[in-house]
Amino acid sequence: MKKSLIRKKKIFSYVSVFFICLIMVVAAVARCAFLIEGSYVEQLERNLADVAGQNAEALKSEISIRYDLLKSIACRFELEPDRRLENLYLFEPVSDSFHLKRIGFCDPDGTAHGTSGVDTNLKNREFFCKGMMGFPWISDILMDAMDENHEYVTVMSMPLFDNQGKVNGVAAITYSTEILSKELSRHSFEGNGNSIVFNNRGEVNITSNPQFINVADNIFNRLWDDMGNNFSSKYEMLNYLFRSEEKGQTTDKKIKVDGIEYYYHIMPVSFFDDSIEWYVLSTVPAVYLTQRFAYSRKHLYKMVIIVLAFGITSIIFLNVLKSRQRRNTYKLAYCSPVTGGANTDLFKQIVGANCYTGFIVYMNIDNFPYTSLAIGKKRSELLIQSIWKKLSWEEKIDEFFAHHANDAFYLYFDYTDKGKLEQRLLELRNIIHEAAMTEQISWISARFGVCRYGEGINIEECCRKSEIAVQGALQNITGIDYFDEERQKKQIESQDLEDKFKDALSREEFQIYFQPKYKTDTKIICGAEALVRWVKEDGTVVRPDQFIPLLERNGDITLLDEYIMEKVCSYQAQWLKEKRAVVPVSVNISKATLYSSKVVERYMEIIQKEDLPPYLIQLEVTETLATAGENISQLLNRFRRMGIRILMDDFGTGYTALSTLNLRCFDVLKVDKSLVDGMGTDYGRQLLENVIEMTKKLGYEITVEGVETEEQYESLKDTGCDNIQGFLFAKPMSSKEYSALQVIEPVGN
Ligand code: C2E
Ligand code: CA
Ligand code: CA
């Protein structure tokens, strides 16, 4: 359930990231398009301004050519005021070559004479009036009054002066509007551009395209028809029309004519010292820009799609790489390299984070190191894999298993009931056995160390404790053991002793106590047993049964035994020198020491080094040890041949006690305290009596250990036992106390 939630969250985050990216890309594209379109508009407006400027220049130059011509004509008329008519006909060829409609002059009464031969009175025309007032002039568009076609014409006029400087007529040239229209650039914007020239009342004098707007039309009226809705007055509209571009800003100037939108530019042009002001308007349909931009937009989108496709592919590729890397890292961190399943880290993480109660079990495969040796590394790995396969197949909803290392697994059970757990563990043990059988290995079984998981214990601690508990399971028939705090404490103490042993030995913390042995009949001291005591730096005394078993397990006992041997020999030698009544001292020798190489040589060397007669040292060997067989008996006999007596310790406790006697490598039997303790009953007393009688008959010397009471002593006196060692006569004592018991022989004796 958790996994699906995580997956849903993941998908949601992917989708949201995708949409955010998409929105950003769309916004970026829109912004890009906007900027490109803006730059197009800017460019277009610049071009429009250029076109309008060029037109204004062209117009100016056309006007100035005609003005110069008119000036020379006027000059001629002024020179010969009386021959104006004759001269007029002389100008006819000039009129043709300048593509003029006619050249003419007006008399002061307004009668117009033209090269075309028709005379009309034009006293009401503005060009005549202005001429008579002494100003040169260009007319707005006019209907030709001197031609029956009434073509649209433009008239340029100039006053004619007499000698006194008075105006006595007006010279004029008339030309068709079309001629000037031709001068307006028609081919701007691939033939889509229009240019017109209008006066300050909006009347169109020249047009490059009559379909856009014709001459004599009023551009202001036409615009008002289309754009009037947007303005409160014509004045406001004209303000809008003539507004100048703000510096550095695209003004996006548009007008509407006949429902079609145009970008435009207006350029003023003036003649004759600004007495005439016209305007050049250049336009291009807005749709022209859209068409041009559509092409770029197509390419922009193409590019964006390519970039997007490339980007998405890269992201997918990177993600695949990343997830593969993540999977590999996860595998390294959380998967067992042998089973491919969960490892300890994952186990601790999952159980630690999600579980609050239950049992943690450390499972060990029995004798796996030996199995591994027997079947080889590869097969033993296969065995672990088969076990894991079965285990993970069997894993239930309230369980979680992981492979720890080699033959060890961690198991978690969300149970509270111990009975249920034990039943399940036995089931698993059978499953593991079956798995091993599939690998043709029949001797495999499992052990379980259990620690209860819950409040007050964290996962790390719980795992560690379950691992400790499995040690107990090794000695347990059920193969299951629980972590026990007390036992653990002892184990820690033992470990502490083991760790400190070598240092303690070098610091000579081990002291020897002597427990005397007495002749049963005379109660005279006849020997002693050397017993070790560990006196720590702080004065606390550790008894041998607390540390000897530990040293026997790790092999360090050999060091201690040899140390005791050296010390005892040195004491004996010293007491000999002091001429004391030295009696033999028996030294305990453990199994590991007896098995160590050249033990006889090493021990004899110690004795010889002190120049000690060998009979003063005896060796105590445990009965169970002596059952080890021929080799040991040969070893012990070698000691005996060197003069060292061998004592069988704890006689009567091992079940092979009697058969041991067959080895014939002992001189003395030390009857164990347990037999003495049994003397309280008739049966016990008889048993001890018979044992002593029998062994005496076999020729052994008998020492009885652990005699504590007078009654015990009294009973033993009649059994024929030779020596007695027990608290009744003496407890183990320091070397100083013990040496005081030895009577110094009189000097010279
Ligand atoms: P053990 O060899 O059987 O030593 C006799 C034990 O019986 C001694 O205990 C001694 O103090 C105790 N004992 C003697 N008389 C009486 C008695 O009347 N009543 C009672 N209750 N106990 C009595 P200790 O000194 O604690 O030694 C325990 C064992 O530790 C020894 O048993 C021996 O197996 C081992 N041990 C002691 N010193 C050495 C040593 O230097 N080397 C080795 N390998 N083992 C040693
Ligand atoms: Ca002993
Ligand atoms: Ca003993």
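Since we're looking at a predicted model, the values are computed, not measured. (Residues numbered from 1 in each chain as written. Chains lettered and ligands numbered in written order. Predicted model: local features only at pLDDT ≥ 70, side-chain atom pairs only at ≥ 80, totals over all residues. Heavy atoms only, no water.)

1. Brief notes about the pairing of strand β25 (residues 701-705)
Within β25, four of the five residues are buried, which leaves it mostly tucked inside the rest of the structure. Pairing of β25 with strand β26 (residues 723-725), which is carried by three bridges, proceeds in the parallel orientation. By the bridge assignment, E705 is partnered in β26 with Q725. The parallel pair β25 and β26 is bridged by helix α24 (residues 710-717), and the resulting crossover is right-handed. (Buried < 20%, exposed > 50% of the residue type's maximum accessible area, 1.4 Å probe, protein only. Helix = DSSP H or I, 4+ residues; strand = E, 2+ residues; numbered from the N terminus. Pairing = 2+ DSSP bridges. Right-handed = clockwise from strand over helix to strand, strands pointing away.)

2. Examining the sheet that holds strand β9 (residues 204-207)
On the basis of which strands lie adjacent, the open sheet formed by five strands has the order β9-β8-β12-β11-β10 and antiparallel pairing. Edge positions in the sheet fall to β9 and β10 (254-257), since each of these pairs with one other strand and no more. Taking the axes of each pair of neighbouring strands and ignoring which way they run, one obtains an average angle of 35 degrees across the sheet. Pairing analysis gives six bridges linking strand β8 (residues 194-199) to strand β12 (residues 276-285), with the strands arranged antiparallel. In the sheet register, V197 faces β12, and the bridge partner there is V280. Against the sheet, helix α6 (residues 219-227) engages β8, β9, β10 and β12, with an angle of about 95 degrees to β10. (Axes fitted to C-alpha atoms, helices over the stretch in contact; angles between N-to-C directions. Contact = heavy atoms within 4.5 Å.)

3. Some points on the coordination of the calcium ion (ligand 3)
Within the first shell, the calcium ion (ligand 3) binds the protein through D649 (OD), D650 (OD), E705 (OE) and E705 (OE), at distances of 2.2 to 2.7 Å. Positions of the donor residues of the calcium ion (ligand 3), expressed as sequence spacing, correspond to D-D-x54-E. Between the calcium ion (ligand 3) and the calcium ion (ligand 2), a spacing of 4.1 Å is present, and a bridge between the two is formed by D649. Here D649, found in strand β23 (residues 645-651), pairs with E705, found in strand β25; they are 56 residues apart in sequence, far enough to count as distant. Pair check on accessibility: D649 and E705 agree, each one buried. (Donors = N, O, S within 2.8 Å, 3.2 Å for Na, K, Ca; no water.)

4. Some thoughts on the confidence of the model for the protein chain
On average, residues of the protein chain carry a pLDDT of 88, and 95% of them reach 70 or more. Ranking the elements of the protein chain by mean pLDDT puts helix α19 (residues 623-626) last, at 61, and strand β21 (residues 585-588) first, at 98. Under a pLDDT of 50 for its full length, residues 745-749 has, in the predicted model, one contact with residues more than four places off or in other chains. (pLDDT = per-residue confidence, 0-100.)

5. As for the coordination of the calcium ion (ligand 2)
Looking at the calcium ion (ligand 2), one finds its protein donor set to be E529 (OE), N588 (OD1), E620 (OE) and D649 (OD), positioned 2.0 to 2.4 Å from the metal centre. Given a relative accessible area of 24%, N588 falls into the partly exposed group. Taking the relative accessible area as the measure of exposure, E620 reaches 1% and is therefore buried.

6. So, the packing of helix α14 (residues 485-506) against helix α15 (residues 544-554)
At a minimum axis distance of 10 Å, the contact between α14 and α15 shows a crossing angle of 70 degrees. The angle between the axes of α14 and α15 places the two elements in the roughly perpendicular class. The way α14 lies across α15 gives a crossing that is right-handed. Between α14, through S494, L497, E498 and F501, and α15, the contact on the second element is made entirely by Q546, F547, L550, L551, R553 and N554. Its residues placed into classes, the contact of α14 with α15 shows five nonpolar, three polar and two charged. (Parallel < 35°, antiparallel > 145°, perpendicular 65-115°, else oblique. Left-handed = near helix turned anticlockwise from the far one by under 90°. Nonpolar A, V, L, I, M, F, W, Y, C, P; charged D, E, K, R; others polar.)

7. Quick look at the packing of aromatic side chains
Scanning the entire structure with this criterion turns up 32 aromatic pairs. With 6.4 Å between their ring centres and 65 degrees between their planes, F198 and F242 make a pair best called edge-to-face. Of this pair, F198 sits in strand β8 while F242 sits in helix α7 (residues 234-242), and the two are 44 residues apart along the sequence. Residue F242 is classed as partly exposed on the basis of its relative accessible area, which comes to 33%. An aromatic cluster of three or more residues is present, and its members are Y67, F271, F272 and W278. Note that R66 overlies the ring of Y175, its terminal NZ or CZ placed 4.9 Å from the centroid. For K536, the ring lying beneath its charged end belongs to W534, and the centroid distance is 5.9 Å. (Phe/Tyr/Trp six-rings, centres within 6.5 Å; stacked < 30°, edge-to-face > 60°. Lys NZ or Arg CZ within 6 Å of the ring centre and 35° of its normal.)

8. Details of the site of ligand 1
Lining the immediate surroundings of ligand 1 are 22 residues, of which Q515, R543, D649, E708 and F727 lie closest. The backbone of V532 places a nitrogen or oxygen atom 3.2 Å from a nitrogen atom of ligand 1. Contact distances for ligand 1 include 3.2 Å between an oxygen atom and a side-chain N or O atom of N588. Contact with the protein chains removes 83% of the 790 Å² of surface that ligand 1 exposes when unbound. (Near = heavy atom within 4 Å. Polar contact = N/O pair within 3.5 Å; in protein donor to acceptor, adjacent residues only side chain to side chain. Areas by Shrake-Rupley, 256 points an atom, 1.4 Å probe, with all protein chains shown as cover.)

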